[in-house]
Amino acid sequence: MAEIPKAYEPQAVEAKWYSRWVEDGFFHANPASAKPAYSIVMPPPNVTGVLTLGHVLNNTIQDILARRARMTGHEVLWLPGLDHAGIATQTVVEKKLRKEADQTRHDLGREEFVRRIWEWKEKHGGIIIEQLKRLGCSCDWARERFTMDPGYSRAVQQVFIDLYAKGLIYRGRRMVNWDPVALTALSDEEVIPTPQKSSLYYVRYELVDEPGRFLEVATTRPETIMADVALAVHPGDERYRSLLGKKVWRPLDRVELPIFGDEAIDPEFGTGVLKVTPAHDKIDFEIGQRHNLPVIDVLHPNGKINSPNVPELDGLDRFVARKKSVELLAERGLLAKEEPHQSSVGFSERAGVPIEPRLSEQWFLRYPKVVEARAAVGEGRSVRFRPERWENVYQHWLENIQDWCISRQLWWGHRIPVWYREDEVRCQIDTPGDGWTQDPDVLDTWFSSWLWPFETMDAETRAKFYPTSDLVTAPDIIFFWVARMIMAGLEWTGAPPFRDVFFTGVIRDASGRKMSKSLGNSPDPLDLISKYGADGVRFGLMRIAPTGQDIRFDEKQVEEGRNFANKLYNATRLRQLHGGETEGEINPALLTTDDKWILLRLDHAIRAVTVALEDYNFSEAAQSLYRFFWSEFCDWYLEASKAALGFSGEGEMTPRKTNTLAVIDFILGHTLRLFHPYMPFITEELWHGLGFNADLPNEQGGTTIQFARWPLPLDDDFKTHYGLTPADEAQANAKYETVLAARGLRRDFNLPSNQRVRFVLVPSIPLPEEETAVLKVLLNAERLDLLEHYEAVKGTPTALTPLGALFLPLEGLIDVEAERARLGKEIAKVEAELVTVGKKLANENFTANAPAAVVAEHRERQKGFNERLDQLRRMRESLGA
C-alpha cells in the first residue's frame, strides 16, 4: 500500500490522474478490439461556449455511461467535438471587429472576415474542451472533431448535392422567420414563442365613397400600415356583408384599399376586420396569395422602416416607429382606442429579439425518411427515449413537419454548393470554371450537426462503433437535432444513429427559475470545482438529478458531495492505518453477524446500483451508493468493527482482526468500483493507495481502476460458502435497532452521544460474548451489564428492544431537579404552540379559505405537538415528585 496522505487535496489529485490517464491512452478507442463495442458521441458544444451547469450534468452522465462500460468489458468510444455555431461565432467576431477597429465584415470582405474567424477560433475557441477535462470527461481526445473540419465540411456539402439530386432541396420565395440582428433567415425550430404584454390599437379606415364613415381595425402593429394592401372580413359576417367590394383609405399615406371576404378571418378577434399585410405576416401572405394581392415591404433587413412616403417614420427602428405611428394616428383622429393585449411573439433563439416574418428567396429541404423515422422510435423499436413521454413530443412534431429553411445569410459556415452563370445553375462542391459565381448563403448549423454520429467516424471506426449506444441531450433540441439525426442516419447509413436517448432535466435555482447570467443565479462550474473538487461537484449534482425532472440547484448539495468525498477518503485511510495485508482471504469460520450483515448489504447495493444504472436512474444509483457507504458501512459496520480492530491502528494482528480487515478490503474494493463512474479521481487515488490489483496490467500497459471489473452481485455459491443467511441480517438489525433505541434514551435526557454511560440489558435472546462486545462499542457504554433481572429505580429511562429490555440508569448523570425544570419549560413551550395552532384550526375562515396543503400542514403540526407533549409529560413523571 502507498501511504494515503492525512488530508484529501482534490486539485493535486485531479491534475495528477487526468494527465496520467491521457498520457497512458486509457481513453483511446481501438476499432480492432475484440471486445463488444460501446459508443457515445458528445453533443458538440458551441466553439464560443464555456462550461455551464447544464454541460456539467450532461457530460457527467455521459462519463458515467462510458466509464461503467469500460468496467463491464466493452471497448468504449466517447467521441468529442465542437460545433462551429454559425450565428453565435460570427456575432462574437463582428462585435470584436466593431470594438477594436470600428469596422464591419463588409469593410473586410468575405475571405478576410472568414480568415479572422478562423484566427479567433484557434486562439479562443474550444475553451470548453479544457474545462470538460477538468470535470474528468474520459473522451478519446485524439478523435476530437469540428464541424468545419475540411473532411466534415466536404461531407456536409455532398449531402446537400445528394438531396438536391433527389429533388428534396429546392429554392423558393417564401415567407421565412427573419432575424433583424443577425440578418439571416431562421428555421421554425429556432424561433421561441414568448408571451408578451403589448397593446391592441383600434385604427379607423375611412370609406372612400362615404366620407366620414370609418371601419375600425384592431392591430398590434400600426408601424406596418404602409404595407397594408387590403382589408378582409369573414364572408359570413353580417356586420360587413354590405361593404364587400368597396374601398377604404389607408391611414397615414392615404392610398385606396379594397375590402374583400376570406374564410380565414376570425370574426371574434378585435372588430372582425383584418388589415392584410402580405409582406409582414404569414397568414396575411397566404391570404394575399389566394387573392393575387401585391406585396409591399416597409422594413429594411435590420428592422428599420423603409417608407419614404411617410417621412415621419422612414428610417426609424420598428419599435420606435410603432410609438410614433400611434402618435400620428391620434393627431389625425384615426386612433379609436388602445387596449392592453397579451400575445405570443416569436423571438430569435440566438439574438433574443422578436423575429420578423419576411418574404425572402431561400433554400428549403423536404425531410427524407419521415415515415421511417416515426416508425423507428418507441417501445420495442430501434430507438428508445428515456423518459418515454418525450416520444409523444417527437411523434407530434414529425406528424406536423414543415419543410426546413436551410439557408442562412451568413459568411461563417458551410457555403451552399450551388454555382450560377447567367441562367445556368450547377450543384457541385468545386467551381465549374471561369465566370461562375457561388451562392453567397451558408447552410443552417443544424444541417451539419445532423450528420454528427456517423460523419465524425472513419470507415474502420464506423464499422466497429456505429450505430452508437447512447445519446445524452436536452429535450429542447428534440426537433433541432435528435429527430434530424434519426432521419439522416436512416437516409445515409440505413440505420438510426443510436439505440437509447436520455433526456436530461433543466437545472433551475432554488426558486425554480432557469439559470441565466442576466439573473445572476448561474454559478461558474469551474469555481465550484476549485472549491469542492470535480468529484464533489459530480456526485453532489447527480444525487439531485431525478430522471426526467427539472433540478433545483443549491450549492449546499455540491458541498455535501465534497463532504461525501472526504468521508470516502477518511474511511479508506482508516483502513490503511490498521496495516496488514491488503485484500487478504476471508475466513468463513471467523465471520461475525456484522461481517455477514455488511456483505449482504453490499450485495443489495450492487444489485440496486446496477439496476438503476441500466434503467438510466442516475440519481437513484447515487442515493443507493450514498446510503450504503455512509449509513451502513461507515455508521454501522466500521463502528461495530472497532470491537475487533481496536480504536487505533496499533495492536496485535489477531486472526479476528485480520479477518475483519479482509472484509473491509472486500467492501472497499467493490465500493470504489461502484463509485468510480461518479467519482473517478478519488476512487483512482484510493485504489492505488490501498494497492488493489496493482500487479494486474490492463491492455494499455498501466494499472487503473478504470478497467477493473464492475462488481457482480454475490451469487448463491458465495453466500453458501461464507454462510450468509437472512437470519444473520436479522440478528445484526436487531442489534442496530437496540442501539437506536439507546440513542433515543440519551437524546430524551440531553446526554451527549460521546459521553460514556452505563447501560443494563435484560436479554430476551442469548448474546454471545463477541456480540456483547460489539453492542458495547456501538452504545458507547462505559459498562454494559447483562442481567437476568433488574430492579430499576423509578424514573429510569427504559426501552423495549429486539434484544430485550434496555435501561439507562441516570444516577450521577443528571441533576433531577434541573431536568424536571427543563422538561417543565419544554412542556410550556409545546403547550403554547398547541394553543396557537389550535386557534388557527378553530378559525373557519382559515380552514375554508387557506390552501388545502396549508391546512393539512397545520393539522400535522397539531398532531406532532400532541405526541411530543405526551412524551415530555411521561418523562417528567418518570423522574418522580
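These lines cover the structure that appears in this document, whether it is placed above or below.

1. Some details on the environment of Ala321
Consideration 1: Looking at where Ala321 falls in the secondary structure, it is placed in helix α9 (residues 318-331).
Consideration 2: Sequence separation of Ala321 and Thr224 is 97 residues, and the distance between their C-alpha atoms is 9.1 Å.
Consideration 3: When neighbours within four sequence positions are excluded, Ala321 is seen to be in contact with Glu223, Ile305, Leu313 and Leu316.

2. Notes on the packing of aromatic side chains
Consideration 1: Counted according to the given criterion, the structure contains 47 aromatic pairs.
Consideration 2: Ring geometry for Tyr170 and Phe364: centres 5.6 Å apart, planes at 20°, overall stacked. Remark: Phe364 occurs in strand β14 (residues 356-365) and Tyr170 occurs in strand β5 (residues 169-179); sequence separation between them is 194 residues.
Consideration 3: Here Phe364 falls in the buried class, since its relative accessible area comes to 2%.
Consideration 4: Look at Phe633 and Tyr637: their rings are 6.1 Å apart centre to centre, the planes differ by 20°, and that puts the pair in the stacked class. In this pair, Phe633 and Tyr637 both sit in helix α20 (residues 618-645), four residues apart, roughly one turn of the helix. For the pair shown, Phe633 and Tyr637 are each scored as buried.
Consideration 5: Here the aromatic residues Phe539, Phe564, Tyr626, Phe629, Trp630, Phe633, Tyr637, Phe675 and Tyr678 are joined through ring pairs into a cluster of three or more.
Consideration 6: Its end group placed over the ring of Trp21, Arg67 keeps NZ or CZ at 4.7 Å from the ring centre.

3. A look at the packing of helix α1 (residues 10-23) against helix α22 (residues 680-689)
Consideration 1: Where α1 contacts α22, the two axes come as close as 9 Å, and the packing angle between them is 85°. Taken together, α1 and α22 sit at an angle that is classed as roughly perpendicular. Packed against α1, whose contacting residues are Val13, Glu14, Lys16, Trp17, Tyr18 and Trp21, the element α22 presents Pro680, Phe681, Glu684, Glu685 and His688 at the interface.
Consideration 2: Of the residues assigned to the contact of α1 with α22, the class counts are six nonpolar, one polar and four charged.

4. Some remarks on unusual backbone geometry
Consideration 1: Here Arg386 and Pro387 are connected by a cis peptide whose omega angle stands at -5°.
Consideration 2: Within the fold, Pro387 resides in the loop between β15 (384-386) and α11 (390-399).
Consideration 3: Here the amide bond leading from Tyr466 into Pro467 is cis, since omega sits at 0°, within 30 degrees of zero.
Consideration 4: Along the chain, Pro467 turns up in the loop between α14 (459-465) and β22 (468-473).
Consideration 5: Of note, the phi angle at Asn292 is positive, near 55°, even though the residue is not glycine.
Consideration 6: On the secondary structure map, Asn292 appears in the loop between α8 (282-290) and α9.
Consideration 7: Given a relative accessible area of 71%, Asn292 falls into the exposed group.

5. Focus: the packing of helix α18 (residues 555-577) against helix α21 (residues 655-675)
Consideration 1: Axis separation between α18 and α21 bottoms out at 11 Å; the angle between their running directions is 150°. Here α18 lies roughly antiparallel to α21, going by the angle between them. Crossing handedness for the pair α18 and α21: left-handed. Side by side, α18 and α21 meet where Phe564, Leu568, Thr572 and Arg575 of the first sit next to Leu661, Ile664, Asp665, Leu668, Leu672 and Phe675 of the second.

6. Considering the nonpolar core
Generally speaking, a soluble globular protein has its nonpolar side chains buried in company with each other.
Consideration 1: If you look at the biggest cluster of nonpolar residues, it comprises 155 residues, and the most contacted ones within it are Phe618, Phe629, Phe633, Tyr678 and Phe759.
Consideration 2: Sorting elements by how many residues they give to this core places α20 first, with 14 residues.
Consideration 3: Among all residues touching Phe633, those that are not within four sequence positions of it are Ile598, Phe628, Leu638, Ile664, Ile667 and Leu668.
Consideration 4: Listed in part, the 56 residues of the second largest apolar core include Tyr152, Val156, Trp397 and Cys427.

7. What about the sheet that holds strand β7 (residues 191-206)?
Consideration 1: Taken together, three strands build an open sheet; the order of strands is β8-β7-β13 and the sheet is antiparallel. In this open sheet, the two strands that pair with only one neighbour each are β8 (214-219) and β13 (335-348). The sheet shows a mean angle of 20° between the axes of neighbouring strands, direction not considered.
Consideration 2: Relative to β8, β7 runs antiparallel, the two sharing six bridges. What sits directly across from Glu206, in β8, is Phe214.
Consideration 3: Docked against the sheet, α9 engages β7 and β13, running at close to 165° with respect to β13.

8. Brief notes about the sheet that holds strand β19 (residues 424-427)
Consideration 1: Pairing is antiparallel in the open sheet, where three strands are placed in the order β19-β18-β20. The outermost strands of the open sheet, each flanked by one partner alone, are β19 and β20 (437-438).
Consideration 2: Contacts from helix α7 (residues 150-165) reach β18 (418-421), β19 and β20, with the element oriented near 120° to β19.

9. Description of the layout of surface pockets
Consideration 1: Considered as a void within the structure, the second largest pocket measures approximately 1400 Å³ in volume.
Consideration 2: Lining the second largest pocket are 40 residues, with Thr220, Arg221, His280, Asp281 and Ser344 sitting closest to its centre.
Consideration 3: Mapped onto the lining of the second largest pocket, the elements with two or more residues apiece are β7, β8, β12 (273-276), α8, α9, β13 and β14.
Consideration 4: Per-element tally for the lining of the second largest pocket: the top contributor is β13, with six residues.
Consideration 5: For the lining of the second largest pocket, the residue count by class is 16 nonpolar, 13 polar and eleven charged.

10. Points about the side chain of Gln157
Consideration 1: Inspection of the secondary structure assignment puts Gln157 in helix α7.
Consideration 2: Among the residues examined, Gln157 registers a relative accessible area of 12% and is labelled buried.
Consideration 3: Ignoring anything within four residues of it in the chain, the contact list for Gln157 reads Arg415, Pro417, Ile429 and Gln438.

11. Here we look at helix α5 (residues 110-124)
Consideration 1: For α5, which comprises 15 residues, the first-to-last C-alpha distance of 21 Å matches the rise-based estimate of 21 Å (1.5 Å per residue) to within 8%.
Consideration 2: Taken residue by residue, α5 has Arg110, Phe113, Val114, Ile117, Trp120 and Lys121 as its buried positions. Seen end-on, α5 carries its buried residues on one side only, within an arc spanning 115°. α5 presents Glu111, Glu122 and Lys123 as exposed residues on the side facing more than 90 degrees away from its buried surface.
Consideration 3: Looking at the buried positions of α5, the neighbouring elements they touch are α3 (86-101), α4 (105-108), β4 (145-146) and β21 (442-443).
Consideration 4: Looking at the residues trailing α5, positive phi occurs at Gly126, about 85°.

12. Points about the pattern of salt bridges
Consideration 1: This structure, assessed with the given rule, holds 60 salt bridges.
Consideration 2: Of the charged contacts, one joins Arg538 and Asp63 as a salt bridge, the two residues approaching to 2.8 Å between their closest N and O atoms. Taken together, the residues span a long stretch of sequence, with Arg538 in helix α17 (residues 534-543) and Asp63 in helix α2 (residues 53-71) at a distance of 475 residues.
Consideration 3: Exposure remark for Arg538: the relative accessible area of 1% places this residue in the buried category.
Consideration 4: The residue Arg318 makes a salt bridge to Glu356 at a minimum N-O spacing of 2.8 Å. One end of the pair, Arg318, is in helix α9; the other, Glu356, is in strand β14, and 38 residues separate them in sequence. Here the two residues Arg318 and Glu356 agree in accessibility, since each one is buried.

13. Notes on the environment of Gly81
Consideration 1: By the secondary structure assignment, Gly81 is in strand β3 (residues 81-82).
Consideration 2: Given the relative accessible area of 0%, Gly81 is considered buried.
Consideration 3: Distance in space between the C-alpha atoms of Gly81 and Ile129 is 8.2 Å, their sequence separation being 48 residues.
Consideration 4: With near-sequence residues (within four places) excluded, Gly81 lies in contact with Met42, Pro44, Pro45, Ile129, Glu144, Arg145 and Trp452.

14. Concerning the pairing of β19
Regular strands place their side chains on alternate faces of the sheet.
Consideration 1: Of the pairings in the sheet, the one linking β18 to β19 comprises four bridges and is antiparallel in character. Its bridge partner being in β19, Val418 is matched across the sheet by Cys427.
Consideration 2: Count of turn residues in the β18/β19 antiparallel hairpin: two residues, of which Glu422 carries a positive phi of about 55°.

Calculation rules
Residues numbered from 1 in each chain as written. Predicted model: local features only at pLDDT ≥ 70, side-chain atom pairs only at ≥ 80, totals over all residues. Heavy atoms only, no water. Helix = DSSP H or I, 4+ residues; strand = E, 2+ residues; numbered from the N terminus. Contact = heavy atoms within 4.5 Å. Phe/Tyr/Trp six-rings, centres within 6.5 Å; stacked < 30°, edge-to-face > 60°. Buried < 20%, exposed > 50% of the residue type's maximum accessible area, 1.4 Å probe, protein only. Lys NZ or Arg CZ within 6 Å of the ring centre and 35° of its normal. Axes fitted to C-alpha atoms, helices over the stretch in contact; angles between N-to-C directions. Parallel < 35°, antiparallel > 145°, perpendicular 65-115°, else oblique. Nonpolar A, V, L, I, M, F, W, Y, C, P; charged D, E, K, R; others polar. Left-handed = near helix turned anticlockwise from the far one by under 90°. Core = buried A, V, L, I, M, F, W, Y, C linked by side-chain atoms within 4.5 Å. Pairing = 2+ DSSP bridges. 1 Å grid on protein atoms, 1.4 Å probe; cavity = no way out; pocket = protein on both sides within 12 Å on 5 of 7 lines; lining within 4 Å. Points joined across faces, edges and corners; volume = space filled by probe spheres on them. Expected span 1.5 Å × (residues − 1). Arc of directions from axis to C-beta. Salt bridge = Lys/Arg side-chain N within 4 Å of Asp/Glu carboxyl O.

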